[in-house]
Amino acid sequence: MSDQDTKDFGAENLSDKSRMIPSLPPYDMDDQLLPREPRSAWCCLAWTLLVVTMNSLVFFMNLLLMFIIFTIVLLPTIVVVYFGFQCHSQVLHSAARYCRSILDDNSSSALIILGFVIMSPLIVVAMAIYCSLARRLRLFMCFQPYSRAVYKGVKWRWYEQGGLCSCTKGWNTQVKAWV
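In this text the structure is predicted, and so the values were computed from the model without any measurement. (Residues numbered from 1 in each chain as written. Predicted model: local features only at pLDDT ≥ 70, side-chain atom pairs only at ≥ 80, totals over all residues. Heavy atoms only, no water.)

### Details of helix α3 (residues 41–73)
- Taking 1.5 Å per residue as the helical rise, α3 with its 33 residues ought to reach 48 Å, and the 47 Å between its terminal C-alpha atoms agrees with that figure.
- Among all positions of α3, only Cys44, Thr48, Val51, Met54, Asn55, Val58, Asn62, Ile69, Phe70 and Val73 are buried. (Helix = DSSP H or I, 4+ residues; strand = E, 2+ residues; numbered from the N terminus. Expected span 1.5 Å × (residues − 1). Buried < 20%, exposed > 50% of the residue type's maximum accessible area, 1.4 Å probe, protein only.)

Following this line, the structure appears as structure tokens:
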């Protein structure tokens, strides 16, 4: 096309980026979009059990980590509410010395209320700690896709991304998230 033809179409208003011809995306044989070879029925069943077992282990590891973090962060609330219920005369009414000498019913009620009031912010703090730790350790990258069991040649996620769950890969400090 000559300069005269581009002026006829009003191309003088177009930026340099719009004049560029888009190139084809790089073609990588490892990430091919061609149909993959399916596994046999027994092999697919065995790989399915392996993938389900691995994903279940990763799920329970995440659940255990969440339980540990929530237990540590919510420990003050648990202790305060426990002592409030233990020393209140209409709930458990313990015969412990501190219940008779220090905590009466009004103090026990105050402990129960205080425990439930500080629970909400501590739950938010615990969830923020868990989310930041899970993001930093890339725990959700450990889940394997089901296509790993169905087709041959699908790579493990941690193999592609540099280590187990890509923990060895450098952390991106530019990503910010608000909780």
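Structure shown, so let's carry the discussion forward.
### Focus: the environment of valine 79
- For valine 79, the position within the fold is in helix α4 (residues 75–87).
- Residues valine 79 and leucine 111, 32 residues apart in the sequence, show an inter-C-alpha distance of 9.5 Å.

### Thoughts on helix α6 (residues 105–137)
- Between its first and last C-alpha, α6 extends 46 Å over 33 residues, near the 48 Å set by a 1.5 Å rise per residue.
- Residue methionine 119 marks the point of greatest curvature in α6, where the axis turns by about 35 degrees; the proline proline 121 follows within four residues.
- If you check which residues of α6 are buried, you get Ser108, Ile112, Gly115, Ala126, Tyr130 and Ala134.
- Downstream of α6 by a residue or two, arginine 138 has a phi angle that is positive, lying close to 55 degrees. (Bend = angle between axes of the 7 residues up to and from the residue.)

### Concerning the packing of α4 against α6
- In the contact formed by α4 and α6, the axes pass within 8 Å of each other and the chain directions differ by 155 degrees. Comparing the axis directions of α4 and α6 gives the class roughly antiparallel. Crossing hand, α4 versus α6: left-handed. Across the interface between the two elements, Thr77, Val80, Val81, Phe83, Gly84, Phe85 and Cys87 from α4 touch Asp105, Ser108, Leu111, Ile112, Leu114, Gly115, Phe116, Ile118, Met119 and Leu122 from α6.
- Classifying every residue of the contact of α4 with α6 by side-chain character gives twelve nonpolar, four polar and one charged. (Axes fitted to C-alpha atoms, helices over the stretch in contact; angles between N-to-C directions. Parallel < 35°, antiparallel > 145°, perpendicular 65-115°, else oblique. Left-handed = near helix turned anticlockwise from the far one by under 90°. Contact = heavy atoms within 4.5 Å. Nonpolar A, V, L, I, M, F, W, Y, C, P; charged D, E, K, R; others polar.)

### Describing the state of the cysteines
- Taken as a whole, this structure holds one disulfide when the rule is applied.
- Here cysteine 44 stays free of any disulfide, with the sulfur of cysteine 43 as its closest cysteine sulfur at 7.7 Å. (Disulfide = S-S within 2.5 Å.)

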